[in-house]
Amino acid sequence: MFCYQCEQTAKGQGCDKIGVCGKQAEVSDLQDLLVYALKGLSLFAVEAGKIGIIDKEVNSFTCTSLFSTLTNVNFDQKYFLETIPRAVTLREGLKSRVKAAGGKTELASPAATYQPAGTIEGLLSQAAGVGLKADPGENADILSLKHTLQFGLKGVAAYTDHARILGREDDSVYAFIHEGLAALTSKDIPVGDWIGLVLKCGEVNLRAMELLDAGNTGSYGHPVPTPVPLGHKKGKAILISGHDLVDLEALLKQSEGKGIYVYTHGEMLPTHGYPELKKYPHFYGHYGTAWQNQQKEFPNFPGSILMTTNCIQRPAQVYSDNLFTSGCVGWPGVTHIENQAFGPVIDKALALPGFGEDSNGKTVTVGFARNTVMSVAGKVIEAVKGKKIRHFFLVAGCDGAKPGRNYYTEFVEKVPKDCIVLTLACGKFRFFDMDLGTIDGIPRLLDIGQCNDAYSAIQIAVALAKAFDCGVNDLPLSMILSWYEQKAVAILLTLFHLGIKNIRLGPSLPAFVSPGVLDVLVKNFEIKPITTPDEDLKAILG
């Protein structure tokens, strides 16, 4: 195996025996082989698109399958053993349709004719020739850009899959995913064109996030400021983590009236702000902090736990038999729920003791998405003009367990009292329960939502720039970002596409970015690694 798609990759270089995330070498190799099979499928999807053939099954399968290879999403070997041949079956079916319609089917890439071996040993042998180190002689900068594109496409696929489940799709997004995967089989694309593809990935990701935002708000309403208890109620309990609002709604409907309280964990915290979800009286509060503490939190939870997407590290070491997964999430030995039939989750919750007494802890307020923030835009603008608000900091991104992430906690603690912190994604659990006070009634800590809500943060920045009649880069706004996995890569590419400069990124820069590519990013976007909170605040504020 060789994997360096996440921030915590071993020694900052790559995992080659077992993933820091807990991914076994065999699963890593099978994931590489699945991506290779998807590249072959996409080669024919591109040819199909040229003659007007759009295959919805191929589109959805490609996104769901690519999503399954994200960090911490699916470690179930059985899933990949079933999915790799399915990719080839769909490829051959699409190839036949293209041929019948007079399209091109004689393609040079070996991915176009790949046939999976009949044994796991054979598949693992095939995987050795198609992974991230399959082209050792390739130009280092081109290889870096190819891997950046591949990881960015994984993030786009995740957002696209979430949006599809909510009924929001755009054929142009699928078309680019196929275009990008097909391009990754090429050996003769120049550096400049690779840069173009990487930036286009960011552009398409913006559209994917727009679709997801429309799906979430169209189904559940625009988030509104909502206080969320961090304590618990006496009674049976279910904990839901991840990102999938559709799964949460189904769980709330199916558990209603059964004497069970539903608690959120991780990236599910912002869902308390959606009107169509908060209406359920048994949707109570938030349990736990961030996923770096799950090894302590989950064994102590006295109910059932449902994981809906990639919000966990080393799952085999954390869970007991009260864990369930859904969607494309899968781990060996963990019960997987199909088609949102959450009866087993509910039955397990009823069988477990639940909480023996009430616990009244802090509350945190969520729901500061773009509609809420822009509803007080006039007040914000006046506060800036009146010098009551000096600066905005978007402190956002992924969390992780690697040392160095306390930087974000310390940074927020040290932000001056005349500044506002906007935040989203699971990185906020380093500081989400801090009481930073208000400025003229405006909270100094505004929770915009999940990583999926990055679109909302972008719209806030664009709207403020319009209100101040300036560009986003001219706003008193600084982005202090943390990254962990491939959705963060896609978001970063979107920011580059939008021309956002002076981003501070950490805890470390991606291992897959070569010195040459980094030089381009520094020259064009002035991206910087984080240093210390004191040094960075001084550099920003003077």
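The structure reproduced in this document is the subject of the present report. Everything numeric here is computed off the predicted structure, so don't read it as measured data.

Turning to its location among the elements, serine 304 is positioned in strand 5 (residues 304–307). Taking relative accessible area as the criterion, serine 304 reaches 0% and is therefore assigned buried. In this view, serine 304 contacts Ala237, Ile238, Leu239, Asn322, Phe324, Val345, Lys348, Ala349 and Leu352; residues no more than four positions away in its chain are not counted.

Turning next to the packing of helix 2 (residues 56–67) against helix 3 (residues 77–100). Two elements in contact, helix 2 and helix 3, have axes whose closest approach is 11 Å; the angle formed by their N-to-C orientations is 150°. The angle between helix 2 and helix 3 falls in the class roughly antiparallel. Our pair here, helix 2 against helix 3, has a crossing hand that is left-handed. Contact with helix 2, carried on its side by Glu57, Val58, Phe61, Thr64 and Ser65, involves Tyr79, Thr83, Arg86, Ala87, Leu90 and Leu94 of helix 3 and no other residues of that element. When the residues that make up the contact of helix 2 with helix 3 are grouped by side-chain class, the tally is six nonpolar, three polar and two charged.

Turning our eyes to something else, we now look at the packing of aromatic side chains. One pass over the structure, following the stated rule, counts 20 aromatic pairs. Each ring, one from tyrosine 261 and one from tyrosine 284, has its centre 6.0 Å from the other, and the planes form 65°; the classification is edge-to-face. Here tyrosine 284 lies in strand 4 (residues 283–286) and tyrosine 261 lies in strand 3 (residues 260–264), a separation of 23 residues in the sequence. You can call tyrosine 261 partly exposed: its relative accessible area is 23%. The buried category is assigned to tyrosine 284, whose relative accessible area is 19%. Judged by centre distance (4.9 Å) and plane angle (65°), the rings of tyrosine 287 and phenylalanine 301 are edge-to-face. Remark: phenylalanine 301 occurs in the loop between helix 10 (294–297) and strand 5 and tyrosine 287 occurs in the loop between strand 4 and helix 10; sequence separation between them is 14 residues.

Applying the stated criterion across every chain, the model contains 25 salt bridges. The salt bridge involving glutamate 138 is made with lysine 146; its shortest N-O contact spans 3.3 Å. Per residue, the accessibility class of glutamate 138 equals that of lysine 146, and both read buried. Residues arginine 207 and aspartate 170 are paired through a salt bridge, measuring 2.8 Å at the closest nitrogen-oxygen approach. Highlighted residues: arginine 207 in helix 7 (residues 191–220) and aspartate 170 in the loop between helix 5 (140–165) and helix 6 (171–183), separated in sequence by 37 residues. Given the relative accessible area of 31%, arginine 207 is considered partly exposed. A single salt-bridge network, built from bridges that share partners, covers Asp170, Arg207 and Glu210.

What counts, and at which threshold
Residues numbered from 1 in each chain as written. Predicted model: local features only at pLDDT ≥ 70, side-chain atom pairs only at ≥ 80, totals over all residues. Heavy atoms only, no water. Helix = DSSP H or I, 4+ residues; strand = E, 2+ residues; numbered from the N terminus. Buried < 20%, exposed > 50% of the residue type's maximum accessible area, 1.4 Å probe, protein only. Contact = heavy atoms within 4.5 Å. Axes fitted to C-alpha atoms, helices over the stretch in contact; angles between N-to-C directions. Parallel < 35°, antiparallel > 145°, perpendicular 65-115°, else oblique. Left-handed = near helix turned anticlockwise from the far one by under 90°. Nonpolar A, V, L, I, M, F, W, Y, C, P; charged D, E, K, R; others polar. Phe/Tyr/Trp six-rings, centres within 6.5 Å; stacked < 30°, edge-to-face > 60°. Salt bridge = Lys/Arg side-chain N within 4 Å of Asp/Glu carboxyl O.

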